Amino acid sequence: MAEQADAQRVIVEWAEWYGLRQAKKACCPGWLTRKVSRRCMIDRCTALGGGAVDYRWLEHGVGWVLDGQPVALTSASYGIRDEEHARFQWWVNEDPRLAVVLGGQGWYGIGSTQVLMWRTDVIEVMEPSPESVRALGYQQY
């Protein structure tokens, strides 16, 4: 439990470094394309509902805003499969403003992988939390 608390502290420090605040209405990558933070319609949000394509990699997801504008999604997924790698690439192709990096250990604890998706037109370059990078490096899409 102490390890998880330390990992959560790291993700909060990471967000503060970029000047980000936790969003209350983040839900899926479609949320990132909005000018203001508001929840997606339930039938349009890929993160909601059984069998949704993005649901698995968004485990323990947190949205981040800068001056009220959606900027980043972080998650701590347990295992990234080939279909998730393909989905990251799909999102980047669908909206060229989006970028994705995978870090090492996710903020949720041992066995999780940090996923970071963000808007490059708002913050050009972002990296996973320093602890995550130190653990295993990172992969960018």
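The shown structure was predicted, so the numbers you read here are calculated from the model rather than taken from an experiment. (Residues numbered from 1 in each chain as written. Predicted model: local features only at pLDDT ≥ 70, side-chain atom pairs only at ≥ 80, totals over all residues. Heavy atoms only, no water.)

Colleague: I would appreciate a short explanation of the nonpolar core in the present structure.
Modeller: Among soluble globular proteins, nonpolar side chains are generally buried collectively. Core analysis: the largest hydrophobic core is formed by 19 residues, its most contacted members being Trp31, Trp57, Phe88, Val115 and Met117. Elements that contribute at least two residues to this core include exactly α2 (29-32), α3 (82-94), β4 (98-105) and β5 (113-119). Residues contacting Val115, with those up to four places away along its chain left out, are Trp57, Leu73, Thr74, Ser75, Ile80, Phe88, Val100, Val101 and Leu102. Judged by nonpolar contacts, the second largest core, of 15 residues, contains Tyr18, Ala72, Leu116 and Met126. (Core = buried A, V, L, I, M, F, W, Y, C linked by side-chain atoms within 4.5 Å. Buried < 20%, exposed > 50% of the residue type's maximum accessible area, 1.4 Å probe, protein only. Helix = DSSP H or I, 4+ residues; strand = E, 2+ residues; numbered from the N terminus. Contact = heavy atoms within 4.5 Å.)

Colleague: Is there a simple way to think about the packing of aromatic side chains in this case?
Modeller: One pass over the structure, following the stated rule, counts four aromatic pairs. When the ring of Trp57 is compared with that of Phe88, the centres are 5.0 Å apart and the planes differ by 80 degrees; the resulting orientation is edge-to-face. Placement of the pair is Trp57 in the loop between α2 and β2 (62-66) and Phe88 in helix α3, with a sequence separation of 31 residues. For Phe88, a relative accessible area of 0% translates into the label buried. Ring centres of Trp90 and Trp91 lie 4.9 Å apart, and the angle between their planes is 85 degrees; this geometry places the pair in the edge-to-face category. (Phe/Tyr/Trp six-rings, centres within 6.5 Å; stacked < 30°, edge-to-face > 60°.)

Colleague: I'm lost on unusual backbone geometry in this one. Help?
Modeller: Negative phi is the rule for most residues except glycine; trans is the rule for most peptide bonds. One non-glycine residue, His60, adopts positive backbone phi at about 55 degrees. Tracing the sequence through the fold places His60 in the loop between α2 and β2. When its relative accessible area of 28% is taken as the criterion, His60 is described as partly exposed. The phi angle at Asp67 is positive, at roughly 55 degrees, despite the residue not being glycine.

Colleague: Sorry, what's going on with the pairing of β5 here?
Modeller: Counting buried positions along β5 gives seven out of seven residues, so the element sits mostly inside the fold. Because side chains alternate across β5, one face comprises the buried residues Thr113, Val115, Met117 and Arg119, and the other comprises Gln114, Leu116 and Trp118, equally buried. Two strands pair when backbone bridges link them, and strand β3 (residues 69-77) and β5 are joined in this way by six bridges, in the antiparallel orientation. When the sheet's bridge partners are listed, Ala72 is paired in β5 with Trp118. (Pairing = 2+ DSSP bridges.)

Colleague: Before we go on, may I ask you to explain the environment of Ser75 in this structure?
Modeller: Positionally, Ser75 belongs in strand β3. Between the C-alpha atoms of Ser75 and His60, which are 15 residues apart in sequence, the distance is 5.3 Å. Only 2.6 Å separates the side chain of Ser75 from the backbone oxygen of Trp57, close enough to count as a polar contact. (Polar contact = N/O pair within 3.5 Å; in protein donor to acceptor, adjacent residues only side chain to side chain.)

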